[in-house]
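Structural overview for review
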Amino acid sequence: MIKLNVDDLHLSYGSNAILKGVSMQLSRGEVVSLLGPSGSGKTTLLRAVAGLEQPHRGSIRIDGQNVFDGATKLEVPAERRNLGLVFQSYALWPHKTVFENVAYGLILRKTGKEAIAEKVMSALKNLGLGQLAERYPHQLSGGQQQRVAIARALVYNPPVILLDEPLSNLDAKMREEARAWLRELILKLQLSALVVTHDQNEAMAMSDRILLLSEGRIEQQGTPQEMYGNPRTLFCADFMGNNNRIEGRVAERRDGAALLAGEGWQLWGRACGDNAGASGTGMIRLERVRLADGPGENRLRLPLVTSMYLGDRWEYLFHEGELRFRAYGHEPIIAGEHWIEMPRDDLWIF
Amino acid sequence: MSSVAATVPAAAGGFPGRQWSRGMVISLTALAVLAPILLILYQSLLDAPFFDQAAKPGFGAYRFIFDDPDFWSAAKNSCFIAVGMALIAVPLGAALAFLMVRTDLPGQRWLEPLLLIPVFVSPMVLSFGYVVAAGPVGFYSVWFSDLFGGVPWNVYSLTSIAVIAGLTHVPHVYLYASAALKNLGSDVEEAARMSGASPLRVALDVSLPMVMPALLYSAVLVFFLGFEIFGLALVLGDPEGHLVLATYLYKLTNKLGTPSYHLMAAVAVCIIAVTVPLVMLQRHLMKNAAKYVSVKGKAGRQRPLPLGAWRWLAAALIAGWLVVTVLVPLSGIALRSVVNYWGEGVSLVDVLTLDHFRTVFGQPALMRGIWNTVLIGTIGGGLAVICYTAIGLATHRQPDGWSRFVDYLVLVPRAVPGLLAGLAFLWVFLFIPFLSPLRSTIFAVWLAYTVVWLAYGLRLVSSSLLQVGAELEEAARSAGASRARTSRDVTLPLIRHGLLASWLLVFMIFEREYSTAVYLLNPGTEVIGSLLVSLWATGGADMVAALSVINVVLVAVGLGVALRFGVKLHD
């Protein structure tokens, strides 16, 4: 069942087009991430769904009801869209206690006093905030504030919950714990959620589906595995992971493979995208580059510049002329020249 | 989580209602602002007062005043005073700001509120203070000539008026310059120090250019206030016959004997023709200044510049300025209010008396004036803040054509000096039949005050409003609250302290105001400010002194409360 349907949405600030025709769907119980660099329009899309920004074309349907339609000039104000929104800054009302913050949506919905108390307390308990009901926001830690913001958005059972960079205000270590916790909560409560993030790891860990936005358009969408393992565009390949990038000319194309060549080297890879030109860009994830013991297909001999210790592994940097590769390994390697291999299937040539 | 009704009751919306009330607020504001000014314009294009059946459209009024040499001399004097004020106030204000914000000047904490006193004391009171303290037979003049056999100053000369006006407007410059200096990140100065610049070079090469937009802005502001000067020129300019535009307008009635509204309107239009471009210029400069400040680095901890031995000289200079602009006039007026008469050879102890206060308390009209002044400051100030808040909310975070309209609308009363605004409101009350009963009620004065201080009040309120994070309101909207409900449940509770502070500041401004009420003075609408002007005209120096002291006390009470509760007197 489709909970949220966005169709061909256009939005601009003055003459500056922010969204240039975005379409997406969100099914019941599904978590979709809006991922993209800053300025790609992901937060704007979320805010347009919430009713806080005004698109000028396209339509938005929530839970089967039209809330925006550019053609008929229909625009349901934010407060009637019945959505839950978790802000990046949490936006807890400083003059209300935790209880009052969470209860506000229920008060507006004319819920009875006892029902409010019951629902708020159960929401708080669900999020592990049972003892904090009478506190004010400034008396809470960052992580607790985030949970209150989530409780506030969930308590009236909105069909869709929107989260704007929900983890970015937490410090790096807490973020990973919160990520797991949030994913668990979403599964437990069967939420349909739309999450904005700029961190591809966060997007992959939390969501069922990722929408990658770039300059107001959807670049590619799919499951995290598809997005990471089978990117259709150079932008997507580049954005989703840590990569080595090789510029060269395409010497040959055959059976879905391409030969990228440069000054004294050539590498076979998978032909990706619709590039048919003479020059190409090779892209390979850092973790796919292998150290090899001797010459062979798709192998290069390069001098080691430095090894960096990262705790759980080593990162090596090879550099000669126009070729510059980074790779991971488990032990320190000695200075000098080494053979490295770019497996044919893991090198994408755009 | 069970199924809380997934529908929000339509009643919680009220979206059309909100737009309706917004339209209402904006149209009432437009009416209150534009009606008076349009009436002035209309009246200036008639050749007789508008109530005269024989009034015909024409440029006769302009022709008359342009043929009058007094008008040109008044215009020249106004220019002289405005330029002189800017030349005195800007350098002193900038230096004062630098000393207060950036150096280890002793006594900064208690100095700060003292610096602002001239802003909150009525110019009428100050100028009267100069007359009784430093006039030909003023207290200090008499004591000084007893010692030295003569006084080197003459407070009635045009230069003295410009100097006094300049000195009393130093705080206006100080406010903007110190705000700019505080906003200026210390990192840009530290960077200059690291490159090898001495503290003085840093001040001249980095700090000064970076606060230049603020200084330019305040220079235009002071110049503009120079054109508005009324009380100072009325009291100090009178003995030697120096007229400025505002006093020329005020004296027009006496000149012809008959109500010469068309002439007054023509003068008013001339004044507005000067002030409107200045206000537009200020607005333009303000935007530029804001652009400049946005490049600030980290504001915050700055090590004050050590002044060394110079600190005592600097402190002495500031003390000297305070003595001249605050202590001399205020002590003069306080003394004058408790002596029967004063002159050469009079011994102070022989003439001490409390009779003046007894007389004031015995006269119903004066008592009513005091009572009205208190009311207009407290209740009237509160109501004004409510109006300003309504207007502020009507434009809050709704960047559309209506908000821009209000933005320009509030510039209008800023460009109209209080005296003219009062006159315009008098005409509104005369012109519109069903309003005329209100003319002799304090409501007339309140309305005029509220409109005259619209820009000031709105700035107080909107600076509070802007401190409420947008997402706090958006959170309420997406939880299901309408705009009106969001204002009530989130915005207003969050700005309540700001609103109380605004009330206090508006109270002080309303206590101090005088020129707006001059033309609205009627039995029933007396306030201390307008009484001072009318009593001064009839030579009641005793009453003027006593009322002035009462006025200063009222303002001081407000100031005391403000300081007690830590209200910021400026932004």
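Residues numbered from 1 in each chain as written. Chains lettered and ligands numbered in written order. Predicted model: local features only at pLDDT ≥ 70, side-chain atom pairs only at ≥ 80, totals over all residues.

Overview of the overall build of chain B
The number of helices and strands found in chain B is 28 helices and 0 strands. Its C-alpha atoms give chain B a radius of gyration of 25 Å, within 12% of the compact-globule value 25 Å for 571 residues. Dimensions of chain B, computed from C-alpha atoms along their principal axes, come out at roughly 90 × 75 × 45 Å. Out of the 571 residues belonging to chain B, those deemed buried represent 48%. Taking all contacts inside chain B whose residues are at least 6 apart in sequence as the whole, residues at least 24 apart take part in 79%. (Helix = DSSP H or I, 4+ residues; strand = E, 2+ residues; numbered from the N terminus. Rg over C-alpha atoms; globule rule 2.2 N^0.38 Å. Buried ≥ 20, exposed ≤ 12 C-beta atoms within 10 Å, placed from the backbone. Contact = placed C-beta atoms within 7 Å.)

Brief notes about the packing of helix α2 (residues 98-108) of chain A against helix α4 (residues 142-154) of chain A
Residues and elements named next belong to chain A. It is at 7 Å that the axes of α2 and α4 come closest, and there the two elements cross at 25°. Viewed along their axes, α2 and α4 adopt a mutual orientation that is roughly parallel. The two elements α2 and α4 cross, and the hand of that crossing is right-handed. Residues Val98, Asn101, Val102 and Gly105 of α2 touch α4, and the partners they reach there are Val148, Ala151 and Arg152. (Axes fitted to C-alpha atoms, helices over the stretch in contact; angles between N-to-C directions. Parallel < 35°, antiparallel > 145°, perpendicular 65-115°, else oblique. Left-handed = near helix turned anticlockwise from the far one by under 90°.)

Description of the pairing of strand β14 (residues 265-271) of chain A
Regular strands place side chains that alternate from one sheet face to the opposite one. Residues and elements named next belong to chain A. Examined bridge by bridge, strand β13 (residues 257-262) and β14 share 6 bridges and lie antiparallel to one another. Bridge pairing in β14 links alanine 257 to arginine 270. Connecting β13 to the antiparallel partner β14 that follows it, the hairpin turn spans 2 residues, and glycine 264 within it adopts a positive phi of roughly 80°. In this sheet, strand β21 (residues 348-349) lies alongside β14 in parallel orientation, the contact comprising 2 bridges. From the neighbouring strand, alanine 271 faces β21, where its bridge partner is isoleucine 349. (Pairing = 2+ DSSP bridges.)

Overview of the interface of chain B and chain A
Across the boundary between the two partners, chain B contributes 25 residues, which contact 30 residues of chain A. Residue assignment for the side of chain B that touches chain A shows that the elements contributing at least two residues are α24 (470-479) and α25 (483-512) of chain B. Per element, the largest residue contribution to the side of chain B that touches chain A is 7 residues, and it comes from α24(B). When grouped by side-chain class, the residues that make up the side of chain B that touches chain A number 15 nonpolar, 7 polar and 3 charged. (Nonpolar A, V, L, I, M, F, W, Y, C, P; charged D, E, K, R; others polar.)

Observations regarding the sheet that holds β14(A)
Within a sheet, each strand pairs with its neighbour through backbone hydrogen bonds, oriented either parallel or antiparallel. Residue and element names in this part refer to chain A. Spatially, 5 strands are ordered β12-β13-β14-β21-β15 in a closed barrel, and the strand pairing comes out mixed. Where strand β15 (residues 279-285) lies against β21, 2 bridges are found, and the strand directions are antiparallel. When the sheet's bridge partners are listed, methionine 283 is paired in β21 with tryptophan 348.

With respect to the pairing of β15(A)
As paired elements, strand β12 (residues 243-254) of chain A and β15(A) share 7 bridges and run antiparallel to each other. By the bridge assignment, A:Gly248 is partnered in β15(A) with A:Gly280.

A look at the sheet that holds strand β1 (residues 2-13) of chain A
Residues and elements named next belong to chain A. In space, the 5 strands of this open sheet follow the order β2-β1-β4-β5-β6, with antiparallel pairing throughout. The open sheet is flanked by β2 (16-27) and β6 (74-75), the only strands paired with a single partner. Of the pairings in the sheet, the one linking strand β5 (residues 65-69) to β6 comprises 2 bridges and is antiparallel in character. Note on β6: the bridge partner recorded for aspartate 69 is leucine 74. Across the sheet, helix α1 (residues 42-50) lies against β1, β2 and β4 (57-62), angled at about 115° from β1, the strand it touches most.

Considering helix α5 (residues 172-188) of chain A
Between its terminal C-alpha atoms α5(A) stretches 25 Å, which fits the 24 Å expected from 17 residues at 1.5 Å a residue. Taken from the residues just after α5(A), A:Gln190 is the one with a positive phi, measuring 55°. (Expected span 1.5 Å × (residues − 1).)

Observations regarding unusual backbone geometry
Peptide bonds are, in most cases, trans, and in most cases residues other than glycine have a negative phi. With a phi close to 50°, A:Asp63 is a non-glycine residue in the positive phi region. Its 19 C-beta neighbours within 10 Å are what place A:Asp63 among the partly exposed residues.

Considering the environment of A:Arg152
Within the secondary structure layout, A:Arg152 lies in helix α4. You can call A:Arg152 buried: it has 30 C-beta atoms within 10 Å. In this structure the C-alpha to C-alpha distance between A:Arg152 and A:Leu106, which are 46 residues apart in sequence, comes to 9.5 Å. Setting aside residues no more than four positions away along its own chain, A:Arg152 makes contact with A:Asn101, A:Val102, A:Gly105 and B:Ala479.

Here we look at the domain arrangement of chain B
A common way to report how large an interface is uses the accessible area buried once the components associate. Residues and elements named next belong to chain B. Domain parsing of chain B yields domain 1 (1-38 + 354-571) and domain 2 (86-227 + 235-240 + 304-353). Distance from the C-alpha centre of domain 1 to the C-alpha centre of domain 2: 29 Å. Contacts between the two partners involve 23 residues from domain 1 and, on the opposite side, 19 residues from domain 2. Within the residue set of the side of domain 1 that touches domain 2, elements represented by two or more residues are α17 (355-362), α25, α27 (528-537) and α28 (541-564). The element contributing the most residues to the side of domain 1 that touches domain 2 is α28, with 10 residues. Partitioning the side of domain 1 that touches domain 2 into residue classes produces 15 nonpolar, 5 polar and 3 charged. (Domains from an automatic or database assignment.)

What to know about the nonpolar core
In this structure, A:Leu162, A:Leu194, B:Ala177 and B:Val267 are the most contacted members of the largest nonpolar core, which totals 276 residues. Looking at this core, the element that brings in the most residues is helix α3 (residues 69-102) of chain B, giving 18 residues. When we break this core down by domain, the ones giving at least three residues each are domain 1 (1-38 + 354-571) and domain 2 (86-227 + 235-240 + 304-353) of chain B. With residues near it in sequence (within four places) discarded, B:Ala177 still touches B:Gly93, B:Ala94, B:Ala97, B:Val211, B:Ala214, B:Leu215 and B:Ser218. (Core = buried A, V, L, I, M, F, W, Y, C linked by C-beta atoms within 7 Å.)

Some words on α1(A)
Residue and element names in this part refer to chain A. When you tally the buried positions in α1, you get 9 out of 9 residues, the bulk of the element. Lys42, Thr43, Thr44, Leu45, Leu46, Arg47, Ala48, Val49 and Ala50 are the residues of α1 that are buried. Looking one or two places after α1, you find glycine 51, whose phi comes out positive at around 95°.

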